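# Summary of structural features
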Amino acid sequence: MTAHLEVAEGVGTIRLDRPPMNALDIATQDRLKELAEEATRRDDVRAVVLYGGEKVFAAGADIKEMQAMDHAAMVVRSSALQESFTAVARIPKPVVAAVTGYALGGGCELALCADFRIAADNAKLGQPEILLGLIPGAGGTQRLARLVGPSKAKDLIFTGRHVKADEALTIGLVDRVMPAAEVYEQAHAWAARLARGPAIALRAAKESIDAGLQTDIDTGLAIERTWFAALFATEDRERGMRSFVEEGPGKAKFV
């Protein structure tokens, strides 16, 4: 398998495993979709880590495989390509990317599908597709612009340049930077903490934010209002409020 799912402490790690650079060929793209759907279904997976290993996250698409494709073939394949990444972005649970080494092209686009990105101090991120006469095709033009703003996204996509970890942190492309040896441990700890939280409320928060960003504020507020009211039907809400009143904040144990 080019990727697999490992589960511990309520955290499912989607681990890319296509050495040496975790190039995202068609088989790996399809496998990512399968694993994202599995992580979505499984009740024992309450948060997710995306990880490529200690040396590299993912260096991009398999260029040799793409070179052999013509326009007709890519018209068919491009939808499946986007669908595989969208499946990761739509996992209704907290997702953190643990980024080491290169996260370029499709690798950067995969990291953009996470809710939070922890990067190694040796990480390099970027969308170099323009250097191939292309543009990002797995969500990069859309998710990158929404994350760092259109001007900075155009800088990265127009030039194809690589961004080192410190600049990625400054522009908001990643959220934390630390030594490479600590990245996965810290990403797993972050995910494990959220895995102990109220699963339905976390799903509601993620959907409200993500869906709200795609629409006008009145529609976004309606999405928030619907979820907010719906959570009053959950046992976790009862537990959380009872614990707050009886024991103080931050002590509830959710089911």
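Structural notes, computed from the coordinates. (Residues numbered from 1 in each chain as written. Predicted model: local features only at pLDDT ≥ 70, side-chain atom pairs only at ≥ 80, totals over all residues. Heavy atoms only, no water.)

### Section: the overall build of the chain
When helices and strands are counted, the chain shows 11 helices and nine strands. Relative to its length of 255 residues, the chain is compact, with a C-alpha radius of gyration of 19 Å against a globular reference of 18 Å. Relative to its full complement of 255 residues, the chain shows a buried share of 43%. Intrachain contacts of the chain at a sequence separation of at least 6 include 69% that bridge at least 24 residues. Working note: accessible area of the chain is about 13300 Å², and carbon and sulfur atoms make up 56% of it. The average position of the 31 basic charges and that of the 35 acidic charges among the side chains of the chain differ by 2 Å. (Helix = DSSP H or I, 4+ residues; strand = E, 2+ residues; numbered from the N terminus. Rg over C-alpha atoms; globule rule 2.2 N^0.38 Å. Buried < 20%, exposed > 50% of the residue type's maximum accessible area, 1.4 Å probe, protein only. Contact = heavy atoms within 4.5 Å. Areas by Shrake-Rupley, 256 points an atom, 1.4 Å probe, with all protein chains shown as cover. Lys, Arg positive; Asp, Glu negative; His and termini not counted. Charge placed at Lys NZ, Arg CZ, Asp CG, Glu CD.)

### Quick word on the pairing of strand β1 (residues 3–8)
Alignment of β1 against strand β2 (residues 11–16), held across six bridges, turns out to be antiparallel. Residue Leu5 lies in a different strand from β2, and its bridge partner there is Ile14. The antiparallel hairpin formed by β1 and β2 contains two residues in its connecting segment, where Glu9 sits at a positive phi of about 60°. (Pairing = 2+ DSSP bridges.)

### Here's the deal with the sheet that holds strand β8 (residues 163–164)
Backbone-to-backbone hydrogen bonds pair the strands of a sheet. The strands run either parallel or antiparallel. In space, the three strands of this open sheet follow the order β5-β7-β8, with mixed pairing throughout. Either end of the sheet is taken by a strand with one partner, and the two such strands are β5 (102–104) and β8. Relative to strand β7 (residues 124–126), β5 runs parallel, the two sharing three bridges. The residue of β7 that forms the bridge with Tyr102 is Lys124.

### A look at the pattern of salt bridges
In total, this model carries 12 salt bridges according to the counting rule given. Across the pair Asp155 and Lys152 runs a salt bridge whose closest N-O atoms are separated by 3.8 Å. Placement of the pair is Asp155 and Lys152 together in helix α6 (residues 150–159), with a separation of three residues, close to one helical turn. Look at Asp155 and you get partly exposed, because its relative accessible area is 24%. Ionic pairing is found between Arg239 and Glu235, a salt bridge with its closest N-O pair at 3.2 Å. Placement of the pair is Arg239 and Glu235 together in helix α11 (residues 235–247), with a separation of four residues, close to one helical turn. (Salt bridge = Lys/Arg side-chain N within 4 Å of Asp/Glu carboxyl O.)

### Examining the sheet that holds β1
Read from one edge to the other, the open sheet built from six strands follows the order β1-β2-β3-β4-β6-β9, with strand pairing classed as mixed. Two strands bound the open sheet, and with one partner strand each, they are β1 and β9 (176–178). Strand-to-strand, the axes of this sheet are offset by a mean angle of 20°, without reference to chain direction. Of the pairings in the sheet, the one linking strand β4 (residues 95–99) to strand β6 (residues 116–120) comprises four bridges and is parallel in character. Counterpart to Ala97 in the pairing with β6 is Arg117. Packed onto the sheet, helix α1 (residues 26–41) meets β1, β2 and β3 (47–51) and runs at close to 25° relative to β1. (Axes fitted to C-alpha atoms, helices over the stretch in contact; angles between N-to-C directions.)

### Some details on the layout of surface pockets
Considered as a void within the structure, the largest pocket measures approximately 1000 Å³ in volume. Lining the largest pocket are 36 residues, with Ala89, Cys113, Arg143, Asp210 and Gln214 sitting closest to its centre. Looking at the lining of the largest pocket, the elements that each hand over two or more residues are α3 (71–89), β6, α5 (140–148), α8 (180–195) and α9 (199–212). The element best represented in the lining of the largest pocket is α9, accounting for eight residues. For the lining of the largest pocket, the per-class residue count stands at 19 nonpolar, eight polar and nine charged. Computed from the structure, the second largest pocket encloses a volume of approximately 650 Å³. For the second largest pocket, the lining is made up of 33 residues, of which Ala61, Ile63, Met66, Glu129 and Leu134 are closest to its centre. Among the elements of the structure, α1, α2 (63–67), α3 and α4 (106–112) are those that each provide at least two residues to the lining of the second largest pocket. Counted by class, the lining of the second largest pocket contains 21 nonpolar, six polar and six charged residues. (1 Å grid on protein atoms, 1.4 Å probe; cavity = no way out; pocket = protein on both sides within 12 Å on 5 of 7 lines; lining within 4 Å. Points joined across faces, edges and corners; volume = space filled by probe spheres on them. Nonpolar A, V, L, I, M, F, W, Y, C, P; charged D, E, K, R; others polar.)

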